[in-house]
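In case you want the letters, here they are:
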Amino acid sequence: MLKSRLTHNQVLVFVILLLFLFQTLISVSVKSPIYDEPAHLARAYLYLKTGYLAIIGHPPLMHILAGFPLLFMNLNLPSDYENYMIKNDYISLGPEIFYHINNNANSVFFWSRIPLILLGVILGFYVYKWARELYGIKAGIFALILYTFNPLILGNAPLLMTDMIFTCFGFISLYYLRKFLSDKSIINLILTSIMFGLAMSSKFSALVLIPIFIFFIILQVYDFSFRTLFTETVNKERVKRLTSFGSSLVIIILLTLLIINIVYAFDGSLKTLNERLRDDPYTYFDKGYFKPDSIAKRITNNPPLIYVISTTLDYGSSLLPYNYIKEIVSAIRINDPALESSATGGYLMGQYSREGFWYYHLFAFLIKSPIPLLILISIVFIIHFKIDFKNEVFL
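About the thresholds
- Residues numbered from 1 in each chain as written.
- Predicted model: local features only at pLDDT ≥ 70, side-chain atom pairs only at ≥ 80, totals over all residues.
- Heavy atoms only, no water.
- Helix = DSSP H or I, 4+ residues; strand = E, 2+ residues; numbered from the N terminus.
- Buried < 20%, exposed > 50% of the residue type's maximum accessible area, 1.4 Å probe, protein only.
- Contact = heavy atoms within 4.5 Å.
- Areas by Shrake-Rupley, 256 points an atom, 1.4 Å probe, with all protein chains shown as cover.
- 1 Å grid on protein atoms, 1.4 Å probe; cavity = no way out; pocket = protein on both sides within 12 Å on 5 of 7 lines; lining within 4 Å.
- Points joined across faces, edges and corners; volume = space filled by probe spheres on them.
- Nonpolar A, V, L, I, M, F, W, Y, C, P; charged D, E, K, R; others polar.
- Core = buried A, V, L, I, M, F, W, Y, C linked by side-chain atoms within 4.5 Å.
- Expected span 1.5 Å × (residues − 1).
- Polar contact = N/O pair within 3.5 Å; in protein donor to acceptor, adjacent residues only side chain to side chain.
- Axes fitted to C-alpha atoms, helices over the stretch in contact; angles between N-to-C directions.
- Parallel < 35°, antiparallel > 145°, perpendicular 65-115°, else oblique.
- Salt bridge = Lys/Arg side-chain N within 4 Å of Asp/Glu carboxyl O.

S.K.: Help me get a handle on the overall build of the protein chain, residues and values and all.
M.R.: In terms of helices and strands, the protein chain carries 21 helices and two strands. Here the protein chain, with 395 residues, has 44% of them falling under the buried criterion. Nonlocal contacts in the protein chain, meaning residues at least 24 apart in sequence, comprise 67% of its contacts between residues at least 6 apart. Counting every atom, the protein chain has about 21,800 Å² of accessible surface; 67% of that belongs to carbon and sulfur.

Structural data, given as structure tokens:
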């Protein structure tokens, strides 16, 4: 009977998560959309409505979740909306749909944010869960409080952007990777793969997780000791463990590819890249830039290497949806300072740089983070300088 009842701590966690939900719901009712959101939401709605996915340099998982509630709202569309789609001009189409043709913009944006807010709640739960497993219930509750009242989290959680959804699935994938490396459970391996696949379908920044996954697996094989990494690199037991974890990595890759293909509805998969470019009717992007031999020539001038790279890209890319590849190349083009069409550069403290600022994100973190949080982080590094690699290196 006692086991069936919620403990005081469980009730407290539930209340804190409700406070997070309440704060985000209140904020979306009084804040207007930011510049990018109408374009993102137009892409989301029209993808689910027409089946056509606009290429804007972002995977579509956030758009699928945000656009789903709009399918029940019978929105009006401008008579020439297809012209905008052909030109890929969603920056203009978004405001046209939501502000100019008698759609209730407040209701549209409110309901589209609900799935992302719920993901924020799920992320908060995993922040609590991970901290509790490492340091106990009090630490878990404290971590959840820091999360729930962090203005950066509260400000970003409801936005129709790809940052928080990537943070959510990326964080959870690392949580399950740690559990898998600890207990070798097939369930945790599958959950790691699913969450990693969802992260890869949310934002291309998830690519940074690939070397992180490999790094953690190597540390597990070498008992989290850098000494053995260099002095006892090869022995029978470690080779056996490395082979075992290597096969696990293959499973993660295959399940990740499956998740990405499911998100994209297997659009154009299992065809060579040249075939897909040839059959693509849209002309708003530079197909020559996408061709495998063109990509290879930008990498090297060596003819044999050009052939190997081009062939590998042509056939190897068939495991990925065509639009996923287009999104990746579009993101590269947007961030290539050598191209006139790129959107690189940025403003910082009244200055503009075409190449951007290498310290931008660190500076933004220091400026935007609450001072008490920065103080707490500094204290942790001062009094707890010895890292427990097996558990804390994930954090």
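S.K.: Now, about empty space enclosed by the protein: what can you tell me, with residues and values included?
M.R.: Within the structure shown, the criterion is met by one cavity of 30 Å³ or more. Here the largest cavity defines a volume of roughly 50 Å³. Taken together, Leu 116, Leu 119, Gly 120, Ala 157, Leu 159, Met 161, Met 164, Ile 165 and Cys 168 make up the lining of the largest cavity. Every element with two or more residues in the lining of the largest cavity is listed here: α6 (105-135) and α9 (163-183). Of the residues in the lining of the largest cavity, the class split is eight nonpolar, one polar and no charged.

S.K.: Could you give me a rundown of the nonpolar core, with the residues and numbers involved?
M.R.: If you look at the biggest cluster of nonpolar residues, it comprises 89 residues, and the most contacted ones within it are Leu 41 and Tyr 90. Examining the composition of this core, we find that 13 residues originate from one element, α6, more than from any other.

S.K.: Describe helix α2 (residues 37-50), with residues and values.
M.R.: Along an α-helix, residues three or four positions apart point the same way, because every turn accommodates 3.6 residues. The end-to-end C-alpha distance of α2 is 20 Å, a good match for the 20 Å that 14 residues give at a rise of 1.5 Å each. In terms of residue burial, α2 counts as a mostly covered element, since eleven of its 14 residues are buried. Within α2, the full set of buried residues consists of Glu 37, Pro 38, Ala 39, His 40, Leu 41, Ala 42, Arg 43, Ala 44, Tyr 45, Leu 46 and Tyr 47. Backbone geometry just downstream of α2 places Gly 51 in the positive-phi region, at approximately 85°.

S.K.: Mind laying out the layout of surface pockets, listing which residues take part and the relevant values?
M.R.: In this structure, the second largest pocket spans a volume of roughly 360 Å³. Every residue lining the second largest pocket is counted, 14 residues in all, and those nearest its centre are Ile 295, Leu 313, Ile 325, Ile 328 and Val 329. Counting residues per element, the ones that place at least two in the lining of the second largest pocket are α15 (287-290), α16 (292-299), α17 (303-316) and α18 (322-334). In terms of residue count, the dominant contributor to the lining of the second largest pocket is α18 (four residues).

S.K.: Describe the side chain of Asn 261, with residues and values.
M.R.: Turning to its location among the elements, Asn 261 is positioned in helix α13 (residues 236-263). Exposure remark for Asn 261: the relative accessible area of 5% places this residue in the buried category. Only 2.3 Å separates the side chain of Asn 261 from the side chain of Ser 269, close enough to count as a polar contact. At a separation of 3.0 Å, a polar atom in the side chain of Asn 261 contacts the main-chain carbonyl oxygen of Leu 319.

S.K.: Summarise the packing of α2 against helix α5 (residues 90-99); cite the residues concerned and give the values.
M.R.: For the pair α2 and α5, the least separation of the axes is 7 Å and the interaxial angle reads 80°. Taken together, the axes of α2 and α5 are roughly perpendicular relative to one another. Listed contacts from α5 to Pro 38, Ala 39, Leu 41, Ala 42, Arg 43 and Leu 46 of α2 are Tyr 90, Ile 91, Leu 93, Gly 94, Pro 95, Ile 97, Phe 98 and Tyr 99. Residues belonging to the contact of α2 with α5 are distributed by class as follows: twelve nonpolar, one polar and one charged.

S.K.: Can you tell me about the pattern of salt bridges, naming the residues and giving the values?
M.R.: Taken as a whole, this structure holds seven salt bridges when the rule is applied. When the shortest N-O distance is used, the salt bridge between Arg 43 and Glu 327 registers 2.2 Å. Taken together, the positions of Arg 43 in helix α2 and Glu 327 in helix α18 put the pair 284 residues apart, joining distant regions of the chain. The two residues Arg 43 and Glu 327 agree in class, both being buried. Here the salt bridges do not stand alone but share partners, grouping Lys 129, Glu 133, Arg 178 and Lys 179 into one network.

S.K.: Residues and numbers for unusual backbone geometry, please.
M.R.: Negative phi is the rule for most residues except glycine; trans is the rule for most peptide bonds. Despite not being glycine, Lys 184 shows a phi value in the positive range, around 60°. Its location among the elements puts Lys 184 in the loop between α9 and α10 (186-200). Even without being glycine, Ala 265 reaches a positive phi, approximately 55°. Relative to the helices and strands, Ala 265 resides in the loop between α13 and α14 (273-279). A relative accessible area of 56% places Ala 265 in the exposed class.

S.K.: Please set out the environment of Leu 273 residue by residue, giving values where relevant.
M.R.: Note that Leu 273 resides in helix α14. Taking relative accessible area as the criterion, Leu 273 reaches 3% and is therefore assigned buried. Taking the C-alpha atoms as reference, Leu 273 lies 7.4 Å from Lys 291; in sequence the two are 18 residues apart. The residues contacting Leu 273, other than those within four sequence positions of it, are Phe 290, Pro 292, Leu 313, Asp 314, Ser 317, Tyr 322 and Ile 325.

S.K.: Kindly report on the environment of Val 263, identifying the contributing residues and their values.
M.R.: Following the sequence through the fold, Val 263 ends up in helix α13. Excluding residues within four positions of it along the chain, Val 263 makes contact with Tyr 47, Pro 60, Leu 61, Ile 64 and Ser 201.

S.K.: Can you break down α10 residue by residue, with the values?
M.R.: Here α10 contains 15 residues, and its C-alpha end-to-end distance of 21 Å stays within 8% of the 21 Å for a straight helix at 1.5 Å per residue. Turning to α10, its buried residues number three or more, namely Asn 188, Leu 189, Thr 192, Ser 193, Met 195, Phe 196, Gly 197, Leu 198, Ala 199 and Met 200. The N-cap residue of α10 is Ser 185: its side-chain oxygen and the backbone nitrogen of Ile 187 are 3.2 Å apart.

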